[in-house]
Structures are given as structure tokens and as C-alpha cells.
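Fold and geometry: a report
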Amino acid sequence: MEKKLNILYLYPDILELYGDYGNIQVLKYRLEKRNYKCNIERYSIEDNPPDFTKYDLVFAGGGADIEQDILSKDLIKYKDNIKEAIKYGVFFLLICGAYQLFGKYYKDADGTIINGLNIFPYYTEAINDRTKRCIGNIVIEATLNNQKEKIIGFENHGGQTSDVFSPFGTVLYGNGNKFGDKYEGFFLENVIGTYLHGPLLSKNPSLADYIIKYCLDRKYNENTELEKLDDTFENLCREQLLNRFKK
Ligand code: GLN
């Protein structure tokens, strides 16, 4: 039987910073290498409304304040359907601006409030100075399938996120949810919200495989044994980066 994952890529023309689209390419590459099919559908403002529950994975990237403002009203139209999809177990990978919009709100440096979906109780406020941003490389430690993994990325956000009851990881290098925070992102079973651009999944193949396995296990009701891929270059690159970012 041919096995296939269906991915919904949200607002590809609006939310795409620092190679966020690379995450989709990595998922497709790692699926196809293992002879799985990968179908990618895109949704943006004015397209036909998607049914989020029909997908295995939903991905959305980061964006500037103005872009978040433009799309938030559109996104909120789908709140109930998105909630249903999350409850149903569809995996959501949300980077930076998209991560913020799944919380209560994002208040930008000028004090403008951009409403979020309010699906999760965290909220984000930028400090009153546009020049003060959390920018730079970041390394966190997350737990995936009971194993601690170092996750490497790049952050660039003015927003300071508070009230995250279940973070993605602890910060080893960089800022995280706030300037100098101990924690980064949000992680709840089938939802990862993170400030890590990168693209995140090219720098962290184990995270890509964690997501792929979750989606295949759920869809086909099995305990998928993922064929090992040759990650020699990815691992050399990781080693190099981790050495560079050591405190
Ligand atoms: N505009 C948001 C902020 O500055 C998100 C930025 C991003 O997605 N990189 O916090």
C-alpha cells in the first residue's frame, strides 16, 4: 500500500522568513527517500477554505508585524476548525510569527494589538523599542520520545512570550521565549511552536523524523520503524555549529 502524508502550508506568500519553506522541503525529502509520498497543499488569503482536519501536518512560518496583522483576521476565521484538527491529532509546526498567533495576542513595539487564535493561553508583547530584538543563533534542549536532543536554530523576534505552560525546550545558548529566558517555544503532544528558524528541520534531522514518525503512526495506526538515512553531512554541520555556539 502506498503511504502518503498530506501537508498544509499556510500563508506561504506572507509567512516565510529565514528559509522557513526549507522545513517543508526537508519533510518531503526525508519522506520520499523512504518511499513515502508527500502531498503539499498551500493556503493563503482568498483561497478556498481548507479543512484542517483532513491533513496530517500543518506548517506555518514567521513574519514581520505587518504581515501578522494582515493575516490574523483571516486565520481567526478558522479557529474552530483548527481547534478540532489539534484535538483530532493533526500535527502543527509553527515558527515564530505563526507560533505567536496561536496564543492570545501579539502586541507590537508601537502598542498595536494583533489578535491571536487564543487556542493556547500564552501571549506575546514586544518591548517599546523596535531596536531591541532577540536576534542570533540559538540552541535548546528538547525531549523527543523520551530522549534529550539539542535543537539548533536562529531567532529574530521582538516579541516576548509569557505564560507558556509547556515549553519546547530549555535554552542552552541564545534567548528563547524572552530575552535571556530559560525556556523556548511551546510543545504539546502534536503542536510545536518555536522561535527557531533555520530552517529548523535541516539543522535538526531528528526533529524532522520525530514529526514524520508521529504523522505516520497516527495516520496508519502503527509503530513506524523509520529507515535510517545517511545524515553524515547534517551531523558534521551540527557538530560544527554546536562547537561554535558553546558558551
Ligand atoms: N514579528 C514578530 C516579532 O518580531 C515575529 C517575527 C518572526 O516571525 N521572526 O516578534
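Computed from a predicted structure; not experimentally measured. Here the residue numbering is sequential within each chain, running from 1 through the sequence in written order. In view of the model being predicted, local features appear only for residues whose pLDDT reaches at least 70, and side-chain atom pairs are presented and counted only at 80 or more, with totals across whole chains, interfaces and linings using the full set of residues. The side-chain values count all of the structure's non-hydrogen atoms but skip hydrogen atoms and water molecules.

1. A few points about the pattern of salt bridges
- Basic side-chain nitrogens of Lys or Arg form a salt bridge, by our definition, when they fall within 4 Å of a carboxyl oxygen of Asp or Glu. As enumerated under the stated definition, the model contains 15 salt bridges in all.
- For the salt bridge of Glu222 with Lys3, the shortest nitrogen-to-oxygen distance reads 2.9 Å. Pair noted here: Glu222 is in the loop between α6 (205-220) and α7 (232-245) and Lys3 is in the segment before β1 (4-10), with a separation of 219 residues, a long-range link.
- The cut-offs for exposure are 20% and 50% of the maximum accessible area for each residue type, with area from a 1.4 Å probe on protein chains only; residues under the lower value are buried, those over the upper are exposed, and the others partly exposed. For Glu222, a relative accessible area of 28% translates into the label partly exposed.
- The closest approach of N and O atoms between Asp56 and Lys219, which form a salt bridge, is 3.1 Å. With Asp56 in the loop between β2 (37-43) and β3 (57-60) and Lys219 in helix α6, this pair connects stretches of sequence that are 163 residues apart.
- Judged by relative accessible area, which is 4%, Asp56 ranks as buried.
- Here the salt bridges share partners, and the residues they tie into one network are Arg30, Arg34, Asp209 and Asp231. In this text, helices come from DSSP runs of H or I with a minimum length of four residues, and strands from runs of E with a minimum of two, each type numbered from the N-terminal end.

2. A closer look at the packing of helix α1 (residues 21-32) against α6
- For helices, the fitted axis covers only the stretch in contact; all axes are lines through C-alpha atoms, and the angles between them, taken along N-to-C directions, range from 0 to 180 degrees. Where α1 meets α6, the axes come as close as 10 Å, and the angle between the chain directions of the two elements is 70 degrees. For the element pair α1 / α6, the angle class is roughly perpendicular. Where α1 abuts α6, its residues Val26, Leu27, Arg30 and Leu31 lie against Pro205, Ala208, Asp209, Ile211 and Ile212. An angle counts as roughly parallel when it lies under 35 degrees, as roughly antiparallel when it exceeds 145, as roughly perpendicular when it falls between 65 and 115, and as oblique in every other case. In this analysis, two residues are considered to be in contact whenever any of their non-hydrogen atoms come within 4.5 Å of each other.

3. Describing the packing of aromatic side chains
- Aromatic pairs are defined between Phe, Tyr and Trp rings, using the six-membered ring for Trp, whenever the two ring centres lie within 6.5 Å; interplanar angles under 30 degrees are classed as stacked, those over 60 as edge-to-face, and all others as tilted. Enumeration according to the criterion identifies 18 aromatic pairs in this entry.
- Centroid distance Tyr105 to Tyr123: 5.5 Å. Interplanar angle 20 degrees. Geometry classified as stacked. One end of the pair, Tyr105, is in strand β5 (residues 105-107); the other, Tyr123, is in strand β7 (residues 123-126), with 18 residues separating them in the sequence.
- Judged by its relative accessible area of 22%, Tyr123 is partly exposed.
- Aromatic rings pair up to connect Tyr99, Phe120, Tyr122, Phe165, Phe186 and Tyr195 into one cluster.
- By definition here, charges over rings are those cases where NZ of Lys or CZ of Arg is within 6 Å of the ring centre and within 35 degrees of the ring normal. A cation over an aromatic ring shows up here: Lys3 above the ring of Tyr220, its NZ or CZ 5.2 Å from the ring centre.
- Between Arg218 and the ring centre of Tyr88, over which it is positioned, the NZ or CZ distance is 5.2 Å.

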